[in-house]
Amino acid sequence: MVLLLLGVSLAAFLLMSLSPLDPLQTNVGQTALGSMSPEQIEKLQDYWGMNTPLAERYLGWLSDALHGDFGVSLLYRQPVLQIIGQRLANSLGLLFVAWVLSGVLGLALGVTAGCFRGRLPDRLIRGYCLLISSTPAFWLALLLLMVFSVWLGWLPVGLSVPIGVEVGSITLADRLYHAILPALTLSITGVANIALHTREKMIDVMESEYVLFARARGESRRSIVLRHGLRNVALPAITLQFASISEIIGGSVLVEEVFSYPGLGQVAVDAGLGSDLPLLLGITVVTAAIVFAGNLIADLLYGVVDPKIRRGAARS
């Protein structure tokens, strides 16, 4: 994980350094920049580190990051970790709900489709998954917003809290109410991949010899699915579920923009458009760490789900 994070930070730093956006023009403005003297422009260039060699800039940033200092945001004039902590707190609940819903629905749909291969439930689920997998997240967000907020008026148009309400008066129910549409959008888009892969694994299980033997003994379909099917699809389902963390985080960037949800995705867009290198680099490293942690948890859960893996690890 440490080597991966180093690689991600280096790649992100190089890509951001090659950006055509000029930090001076983006943050100061072309008009104000034109009225400055060369000495003032040079001071600003030193402030933004534009006159420092690339390798020296990266090593300086890495040294500070290892001590918990990711720099100061050029747009917000606040420590990067402070901004990430505030926005991540808004996004975590949204991402967790969407992650759980997509995993549960994807597993249930995949198992159902695999059990009824070639029949009506299978065709409906496959059609739904193929349609959703080819649908952009932002377009689905706009569609849900138009239907449930504009036409029906059941849910709020955007934001994470009601407008014009004091902070002390905002309840948990208000936050959940405003998070319904963003969480629903992310969970719908995350279902397809898990459902299709689980379906294929379930088909292999249902066509196996031990399931044929179970049927010969008179076991019902429900018993076969619960005793044999779920055990065998659990490992790939866990892998896909934790691997989907990156997809949900990536989708949240566009979804939060559509719903004006003040989370980590929205501030990442602002940092990218504003050429805020410290903030964008900090967001990249933190989100990468979350994704890698999810993969690590999946590896650790393998031994819990499959005793053979646990015994093999003990022998080695």
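Placed above this text is the structure.
Note that the structure is a prediction, hence the values are computed from the model and not measured.

Asker: Can you break down the packing of helix α10 (residues 209-216) against helix α11 (residues 221-258) residue by residue, with the values?
Answerer: For the pair α10 and α11, the least separation of the axes is 11 Å and the interaxial angle reads 170°. Classified by the angle between their axes, α10 and α11 sit roughly antiparallel to one another. Judged by residue contacts, Y210, V211, A214 and R215 of α10 engage I224, H228 and N232 from α11. Residue composition of the contact of α10 with α11, by class: four nonpolar, two polar and one charged.

Asker: Describe in detail the nonpolar core, supporting the description with residues and values.
Answerer: The biggest cluster of nonpolar side chains holds 35 residues, and the ones touching the most others in it are L94, L181, L186, F242, I245 and F259. In terms of residue count, the dominant contributor to this core is helix α9 (residues 172-206) (eight residues). Residues contacting F242, with those up to four places away along its chain left out, are W99, G294, N295, I297, A298 and L301. Within the second largest apolar cluster, 21 residues are counted, among which are Y58, W61, L88 and V285.

Asker: Run through the layout of surface pockets, naming residues and quoting values.
Answerer: To find leftover empty space, one rolls a probe the size of a water molecule over the atoms. Roughly 260 Å³ of volume is contained in the second largest pocket. If you trace the second largest pocket, you find 14 residues lining it, with L94, R175, L176, A179 and Y261 closest to the centre. For the lining of the second largest pocket, the secondary structure elements donating two or more residues are α6 (80-115) and α9. Of the residues in the lining of the second largest pocket, the class split is 10 nonpolar, three polar and one charged.

Asker: Residue-level account of helix α7 (residues 120-133), with values.
Answerer: Every α-helix winds through 3.6 residues per turn, so residues three or four apart in the chain are directed the same way. An ideal rise of 1.5 Å per residue puts 20 Å on 14 residues; α7 measures up with 20 Å between its terminal C-alpha atoms. Tucked into the core, α7 has its buried residues touching α6 and α9.

Asker: Just give me the short version of helix α8 (residues 137-151), but keep the residues and values in it.
Answerer: For α8, which comprises 15 residues, the first-to-last C-alpha distance of 20 Å matches the rise-based estimate of 21 Å (1.5 Å per residue) to within 8%. A maximum bend of about 25° is found in α8 at L145. Of the positions making up α8, those classed as buried are A137, L140, A141, L144, L145 and S149. Structurally, α8 contributes buried residues whose contacts are with α9 and α11. Once α8 ends, the next one or two residues include G153, with phi positive near 70°.

Calculation rules
Residues numbered from 1 in each chain as written. Predicted model: local features only at pLDDT ≥ 70, side-chain atom pairs only at ≥ 80, totals over all residues. Heavy atoms only, no water. Axes fitted to C-alpha atoms, helices over the stretch in contact; angles between N-to-C directions. Helix = DSSP H or I, 4+ residues; strand = E, 2+ residues; numbered from the N terminus. Parallel < 35°, antiparallel > 145°, perpendicular 65-115°, else oblique. Contact = heavy atoms within 4.5 Å. Nonpolar A, V, L, I, M, F, W, Y, C, P; charged D, E, K, R; others polar. Core = buried A, V, L, I, M, F, W, Y, C linked by side-chain atoms within 4.5 Å. Buried < 20%, exposed > 50% of the residue type's maximum accessible area, 1.4 Å probe, protein only. 1 Å grid on protein atoms, 1.4 Å probe; cavity = no way out; pocket = protein on both sides within 12 Å on 5 of 7 lines; lining within 4 Å. Points joined across faces, edges and corners; volume = space filled by probe spheres on them. Expected span 1.5 Å × (residues − 1). Bend = angle between axes of the 7 residues up to and from the residue.

On their own, these measurements won't tell you what the molecule is for.
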